[in-house]
Amino acid sequence: MIKNARFVPVTYVPPSRKDIGGRLLIENYNIHMTETTSKLLQDAELFGLTAMGDGTTICKYPLTNVLFAGGYEHQALIDVIDSSNHMAIGGVKDARYIASKIMPLM
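Right, let's walk through the structure included here. (Residues numbered from 1 in each chain as written. Predicted model: local features only at pLDDT ≥ 70, side-chain atom pairs only at ≥ 80, totals over all residues. Heavy atoms only, no water.)

## Quick word on the layout of surface pockets
Roughly 160 Å³ of internal volume is contained in the largest pocket. In terms of lining, the largest pocket is formed by Thr37, Leu40, Leu41, Leu49, Thr50, Ala51, Phe68, Ile78, Leu105 and Met106. Mapped by element, the contributors of at least two residues to the lining of the largest pocket are α2 (23–41) and β1 (50–58). For the lining of the largest pocket, the element with the highest residue contribution is α2, accounting for 3 residues. (1 Å grid on protein atoms, 1.4 Å probe; cavity = no way out; pocket = protein on both sides within 12 Å on 5 of 7 lines; lining within 4 Å. Points joined across faces, edges and corners; volume = space filled by probe spheres on them. Helix = DSSP H or I, 4+ residues; strand = E, 2+ residues; numbered from the N terminus.)

Here it is in structure tokens:
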């Protein structure tokens, strides 16, 4: 790649940190999700889909991860759900709670 750097026009301006953390990050996310969803749904009627979830706590923030797997996509993180309100009222991240979060995404 560095060999090709000499071919870059002198008018080239690299993206700013705001562009990288903003519009380029969003564009990259959208492309990734489109490709992941496409692979996940490919032959889904033949292979079916598997829904998985788990509860985690990161830096004192209770979260619930929702993952799906299919014939050609072995692991796809679909959503990360903030479970703070549920835990604040004394709830636990048990199978019933995780299933209640996964069902609307199916």
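Here the narrative resumes, following the displayed structure.
## Brief notes about the pattern of salt bridges
Applying the stated criterion to the full structure yields 2 salt bridges. Put simply, Asp19 and Arg23 hold a salt bridge, and the shortest N to O gap is 3.6 Å. Note that Lys39 and Glu73 form a salt bridge whose closest N and O atoms lie 3.4 Å from each other. Pair noted here: Lys39 is in helix α2 and Glu73 is in the loop between β2 (61–69) and β3 (76–82), with a separation of 34 residues, a long-range link. Residue classification places Glu73 among the buried residues on the basis of a relative accessible area of 13%. (Salt bridge = Lys/Arg side-chain N within 4 Å of Asp/Glu carboxyl O. Buried < 20%, exposed > 50% of the residue type's maximum accessible area, 1.4 Å probe, protein only.)

## Here we look at unusual backbone geometry
Positive phi, normally seen in glycine, also occurs at Asp43, with a value near 60°. Among the secondary structure elements, Asp43 is positioned in the loop between α2 and α3 (44–47). Judged by its relative accessible area of 26%, Asp43 is partly exposed. You will see that Lys60, though not glycine, has its phi angle at about 70°, which is positive. Structurally, the position occupied by Lys60 is in the loop between β1 and β2.

## Re a nonpolar patch on the surface
Together, Leu46, Phe47 and Tyr72 give the surface a local cluster of nonpolar side chains, amounting to about 340 Å² of exposed area. Assignment of secondary structure puts Phe47 in helix α3. For Phe47, a relative accessible area of 49% corresponds to the partly exposed category. (Patch = residues over 30% accessible without salt bridge, like charges linked within 9 Å, V, L, I, M, F, W, Y side chains within 5 Å. Areas by Shrake-Rupley, 256 points an atom, 1.4 Å probe, with all protein chains shown as cover.)

## Quick look at the sheet that holds β2
Ordered by their spatial adjacency, 3 strands build an open sheet running β1-β2-β3, and the pairing between neighbours is antiparallel. Since the sheet does not close on itself, it has two edges, and those belong to β1 and β3, each with one partner. With direction set aside, neighbouring strand axes in the sheet form an average angle of 20°. With 9 bridges joining them, β1 and β2 adopt antiparallel strand pairing. Pairing of Met52 across the sheet is with Leu67, part of β2. α2 rests against β2 and β3 of the sheet, and its axis sits at about 115° to β3. Of the strands in this sheet, β1, β2 and β3 are in contact with helix α5 (residues 95–102), which crosses β1 at around 115°. (Pairing = 2+ DSSP bridges. Axes fitted to C-alpha atoms, helices over the stretch in contact; angles between N-to-C directions. Contact = heavy atoms within 4.5 Å.)

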